[in-house]
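Here is how the chains run, residue by residue.
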There are 2 protein chains.
Amino acid sequence: MTNRQPYTRKLDLKNGRIDMSHGSGGKAMAQLVDEVFVKAFANPLLEQRNDQAMFEVATGRMVVTTDSYVVSPLFFPGGDIGSLAVHGTVNDIAMAGAKPLYLTAGFIIEEGFALKDLDRIVMSMAEAARAAGVAIVTGDTKVVERGKGDGVFINTTGIGVVPPGVSPSGDRARPGDAVLVSGTVGDHGVAVMSTREGLSFETSILSDSAALHGLVAAMVAAVPGIHVMRDPTRGGLATTLNEIARQSGVGMVLSEASIPVREEVAAACELLGLDPLYVANEGKLVAICAPEDAETLLNVMKSHPLGVDAAVIGTVREDSHRFVQLETTFGGKRIADWLAGEQLPRIC
Amino acid sequence: MTNRQPYTRKLDLKNGRIDMSHGSGGKAMAQLVDEVFVKAFANPLLEQRNDQAMFEVATGRMVVTTDSYVVSPLFFPGGDIGSLAVHGTVNDIAMAGAKPLYLTAGFIIEEGFALKDLDRIVMSMAEAARAAGVAIVTGDTKVVERGKGDGVFINTTGIGVVPPGVSPSGDRARPGDAVLVSGTVGDHGVAVMSTREGLSFETSILSDSAALHGLVAAMVAAVPGIHVMRDPTRGGLATTLNEIARQSGVGMVLSEASIPVREEVAAACELLGLDPLYVANEGKLVAICAPEDAETLLNVMKSHPLGVDAAVIGTVREDSHRFVQLETTFGGKRIADWLAGEQLPRIC
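Residues numbered from 1 in each chain as written. Chains lettered and ligands numbered in written order. Predicted model: local features only at pLDDT ≥ 70, side-chain atom pairs only at ≥ 80, totals over all residues. Heavy atoms only, no water.

Draft legend 1. Representation of the overall build of chain A within the structure. Scanning chain A from N- to C-terminus turns up eight helices and 14 strands. A principal-axis box enclosing the C-alpha atoms of chain A has dimensions of 75 × 50 × 35 Å. Counting only residues that meet the buried cut, chain A has 64% of its 348 residues in that class. Taking as baseline every contact in chain A between residues at least 6 positions apart, the subset at least 24 positions apart corresponds to 85%. Carbon and sulfur atoms form 51% of the exposed surface of chain A, whose accessible area is close to 12,300 Å². Computed over 30 positive and 41 negative side-chain charges, the separation of the two mean positions in chain A equals 6 Å. (Helix = DSSP H or I, 4+ residues; strand = E, 2+ residues; numbered from the N terminus. Buried < 20%, exposed > 50% of the residue type's maximum accessible area, 1.4 Å probe, protein only. Contact = heavy atoms within 4.5 Å. Areas by Shrake-Rupley, 256 points an atom, 1.4 Å probe, with all protein chains shown as cover. Lys, Arg positive; Asp, Glu negative; His and termini not counted. Charge placed at Lys NZ, Arg CZ, Asp CG, Glu CD.)

Now the structure itself:
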């Protein structure tokens, strides 16, 4: 009678629902952890079953990043909150040029949430983590009363290791640098918004949600001195470039025509009253590098499956106003300011 | 004009409220991050202002742990969700015998939440982190619509470094080992429940919320070979000991009379229909060590301010049933099983 399980019946993953006891710290929570989380995330660190996971490190640099995911709806074309919670955090690690190693997972679940949906989300997280080569090594489960949450919120925190000689940072953009984007912008936000608004288009628009660490590994192998990498999530490409301009104390001039936007995304944006430059992406990155590295970097990006639509979209300039400007297709210029209000609530 | 701020007016921390734009990724969010979070948590890693924090490590062992905090009410006697979110995660690191280094902080805020309360909570987190010697190095802010959250939920994830030769783990309890607790049990849960139920007692009951890494450092310095340490939070002392019994494949016999419980906590528990052995603690730990180390460990604990009421409360036994048994003051024995239902919802 080793490792006695303290519960008598299996959880009903088909018809069961979360109740307050699943967050109590007692028997019901232990069972949920065993039969949903540990089952899906199975790895030796998690199976230590302590309140923390222990791992060995070698002298060097590491990064840590955290994100909470509150996307609504939980399931959308091209992904769900589970895969998104893995991709988003893996990408924030990758943007430091780092190799992602470990994720933690914290769940805040609303009373009454269907175990079937929770299990589906957890399986999707597990699958995304496996594909990205990261282990989910420790976690936490809380339950809140009906009406005090919204299905499930997930926090993931990630740890990665940075290769020697690689130091991208938002404050390293320099006048003359080239600005690149890894592909079409706006896909994720439009996919989520279309679902939320009940819109359907002739071509279904899928979220671009994807783990970018493989693309990044290829990029830093070719150009270790990349100045800046960042994923344009909430606030979209325009807001991300404004953040970098502010951090680096520079301006940028972009060529509007060179920014890749899918035709169906552009059409949906018009219908929804959105500007694709401010719409969230979950599988794209912005890279800024010295002008002499731009061609090499672009070629490396284009030869990776997640960078086939990569493009050089502009140049960093001296600018005491830190403006991000767009050269329009008609030859004019306009300022692409920070997102001021709220374009898309709960997009990630 | 260096480091231009993109906003024109300061946030109104006295009368302002969170709106959806504070979670948008745009200008309003950047301002919230600057004027509430970065201001309070100020440290060089956070001020990198990237989506991840980079730090140097030396070869060795690290631990990572995560917890989401959903305590209700947000403010309670002896603490608030902010200090709790620091103490709870610092303690989970400390239970590995590790020195806590860095925390991440993820906020899920309900639309309409008062900026004044958010600022108070963030200042409390900052103060608790400074006192514990940990830096909050990266964070994330999400906003959900009114009625889809409950004020604020906070996730903290912690990273710590484990000294050589120290390896406490829940699976290392051995027959004959001594079981110690660092002080009175039930204080936190009763403090929160009393507030929630609007009860007041002659003596006010305070949460024991505290960072235990200093106590742990003294303990592992004296007895590096401590077998198990764990903080009895949700589910209380009884559930924590059952978890350890299950992990280690042993039983335990505790002497009920030796378990320290404050008189006013015992009285409040009677009134509330609670058993103090199942009530959450946030500044206490359970330690299990070889019998020959018990006296040394007890003395070290008692001479630390957070361990003055420490006691040896029982012994580990061989038991194929993994039972945790209580020898009652009347000479009988009863099984202290896992918490089965939900004793205290949203206690941490």
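There's plenty left to go through after this.
Draft legend 2. Expanded view of helix α1 (residues 27-41) of chain B. Under the 1.5 Å per step criterion, the end-to-end length of α1(B) is 20 Å for 15 residues, consistent within 8% with the ideal 21 Å. Of all the bends in α1(B), the largest measures some 35° and sits at B:D34. Of all 15 residues in α1(B), 12 are buried; the element is thus mostly enclosed. Residues of α1(B) that are buried include every one of B:A28, B:M29, B:A30, B:Q31, B:L32, B:D34, B:E35, B:V36, B:F37, B:V38, B:A40 and B:F41, and no others. Those residues of α1(B) that are buried lie in contact with α6 (236-248) of chain A together with β5 (99-110), α3 (115-132) and β6 (135-144) of chain B. (Expected span 1.5 Å × (residues − 1). Bend = angle between axes of the 7 residues up to and from the residue.)

Draft legend 3. The environment of B:D275, seen in detail. Checked against the element boundaries, B:D275 lands in the loop between α7 (263-272) and β11 (286-289). For the pair B:D275 and B:A211, spaced 64 residues apart in the sequence, the C-alpha separation amounts to 25 Å.

Draft legend 4. Layout of the packing of helix α4 (residues 187-197) of chain A against helix α7 (residues 263-272) of chain A. Residue and element names in this part refer to chain A. At their nearest, the axes of α4 and α7 sit 10 Å apart, and the two run at 50° to each other. Comparing the axis directions of α4 and α7 gives the class oblique. The hand of the α4/α7 crossing is left-handed. Facing α4, whose interface residues are D187, V190, M193 and E197, α7 presents V265, A268, C269 and L272. The class makeup of the residues in the contact of α4 with α7 is six nonpolar, no polar and two charged. (Axes fitted to C-alpha atoms, helices over the stretch in contact; angles between N-to-C directions. Parallel < 35°, antiparallel > 145°, perpendicular 65-115°, else oblique. Left-handed = near helix turned anticlockwise from the far one by under 90°. Nonpolar A, V, L, I, M, F, W, Y, C, P; charged D, E, K, R; others polar.)

Draft legend 5. Here's a closer look at the environment of B:T239. Secondary-structure assignment places B:T239 in helix α6 (residues 236-248). Through-space distance from the C-alpha of B:T239 to that of B:M62 is 27 Å; in sequence the pair is 177 residues apart. Not counting chain neighbours up to four residues away, the residues in contact with B:T239 comprise A:G25, A:G26, B:Y278, B:W338 and B:L339.

Draft legend 6. Region of the structure containing a positive patch on the surface. Together, A:R17, A:K116, A:R120 and A:R146 make up a positively charged patch on the protein surface. Relative to the elements of secondary structure, A:R146 occurs in the loop between β6 (135-144) and β7 (152-162). (Patch = residues over 30% accessible without salt bridge, like charges linked within 9 Å, V, L, I, M, F, W, Y side chains within 5 Å. Salt bridge = Lys/Arg side-chain N within 4 Å of Asp/Glu carboxyl O.)

Draft legend 7. Spatial organisation of the relation of the copies chain B and chain A. In screw terms, the move from chain B to chain A is a rotation of 180° and a rise of 0.0 Å along the axis, fitting with an RMSD of 0.0 Å. A rotation of that kind, with that shift, is consistent with a two-fold axis. Comparing interface residues between copies, 100% of those in chain B also sit at the interface in chain A, which points to an isologous, same-surface contact. (Least-squares fit on C-alpha atoms with pLDDT ≥ 70 in both.)

Draft legend 8. Structural detail: the sheet that holds strand β1 (residues 53-57) of chain A. Spatially, β1(A)-β2(B)-β7(B)-β5(B)-β6(B) is the arrangement adopted by the five strands of the open sheet, whose pairing is mixed. Each of the sheet's edge strands pairs with one partner strand only, and the pair in question is β1 of chain A together with β6 of chain B. This sheet shows a mean twist of 20° between the axes of neighbouring strands, independent of strand direction. Pairing between β5(B) and strand β7 (residues 152-162) of chain B: 10 bridges, direction antiparallel. Bridge pairing in β7(B) places B:I109 opposite B:V152. Each of β5 and β6 of chain B is contacted by α1(B), which is oriented at about 145° to β6(B), the strand it contacts most. (Pairing = 2+ DSSP bridges.)

Draft legend 9. Expanded view of the sheet that holds strand β14 (residues 333-335) of chain B. Residue and element names in this part refer to chain B. Strand order in this open sheet of seven strands is β9-β11-β8-β12-β10-β13-β14, and the pairing throughout is mixed. Every other strand in the sheet has two partners, leaving β9 (228-230) and β14 as the edge strands with one partner each. The mean inter-strand angle of the sheet, taken between neighbouring strand axes irrespective of direction, is 25°. Of the strand pairs in this sheet, strand β13 (residues 324-327) and β14 are connected by three bridges, and their pairing is antiparallel. Bridge pairing in β14 links E327 to K333. Strand contacts of helix α8 (residues 294-302): β8 (178-181), β11 and β12 (311-317), with the helix running at about 5° to β8, the strand carrying the most contacts.

Draft legend 10. View of the UniProt feature "domain: PurM-like N-terminal" (unreviewed entry) in chain A. In the numbering adopted here, UniProt assigns the feature "domain: PurM-like N-terminal" (unreviewed entry) to residues 51-162 of chain A. Taken end to end, residues 51-162 of chain A comprises 29% helix and 46% strand; its first and last C-alpha atoms sit 26 Å apart. (UniProt positions renumbered as here; feature names shortened; annotations may be inferred.)

Draft legend 11. Molecular detail of the interface of chain B and chain A. Counting from both sides, the interface comprises 88 residues of chain B and, opposite them, 88 residues of chain A. Carbon and sulfur atoms make up 52% of the surface buried where chain B meets chain A, a total of about 7,400 Å² over both sides. There are 12 salt bridges connecting chain B and chain A. Taking the shortest distance from any N to any O, the salt bridge between A:R346 and B:E145 comes out at 2.7 Å. Counting every contact that joins chain B to chain A gives 42 residue pairs in polar contact (both at pLDDT 80 or more). Sorting the residues of the side of chain B that touches chain A by element identifies α1, β1 (53-57), β2 (60-69), β5, β6, β7 and α6 of chain B as the ones contributing at least two each. At nine residues, the largest contribution of residues to the side of chain B that touches chain A is made by β2(B). A class-by-class count of the residues in the side of chain B that touches chain A yields 32 nonpolar, 33 polar and 23 charged. Taken together, the five bridges between β1(A) and β2(B) define a ladder with antiparallel strand orientation. By the bridge assignment, A:E56 is partnered in β2(B) with B:R61. (Buried area = accessible area lost by both parts, 1.4 Å probe. Polar contact = N/O pair within 3.5 Å; in protein donor to acceptor, adjacent residues only side chain to side chain.)

Draft legend 12. Main features of the domain arrangement of chain A. All names here are of chain A. When the domains of chain A are assigned, the result is domain 1 (20-162) and domain 2 (178-335). Between the C-alpha centres of domain 1 and domain 2 there is a distance of 27 Å. Of the residues lining the interface, 19 residues belong to domain 1; the matching set on domain 2 comes to 21 residues. Across the domain 1 to domain 2 interface the summed buried area is about 1,600 Å²; carbon plus sulfur atoms make up 62%. By the criterion of area lost to domain 2, the three top residues of domain 1 are P77, N91 and M95, representing 35% of everything that side buries. Inspection of the domain 1/domain 2 interface yields zero salt bridges. Along the contact surface separating domain 1 from domain 2 lie eight residue pairs in polar contact (both at pLDDT 80 or more). (Domains from an automatic or database assignment.)

Draft legend 13. The arrangement of the packing of aromatic side chains in detail. Inspection of every chain in the model, using the stated rule, returns seven aromatic pairs over all chains. Ring pairing ties together the aromatic residues A:F37, A:F41 and A:F107, which thus form one cluster. Between the NZ or CZ atom of A:R120 and the centre of the ring of A:F75, over which it lies, the distance is 3.7 Å. The lysine or arginine in question, A:K142, covers the ring of B:Y69, its NZ or CZ lying 5.7 Å from the ring centre. (Phe/Tyr/Trp six-rings, centres within 6.5 Å; stacked < 30°, edge-to-face > 60°. Lys NZ or Arg CZ within 6 Å of the ring centre and 35° of its normal.)

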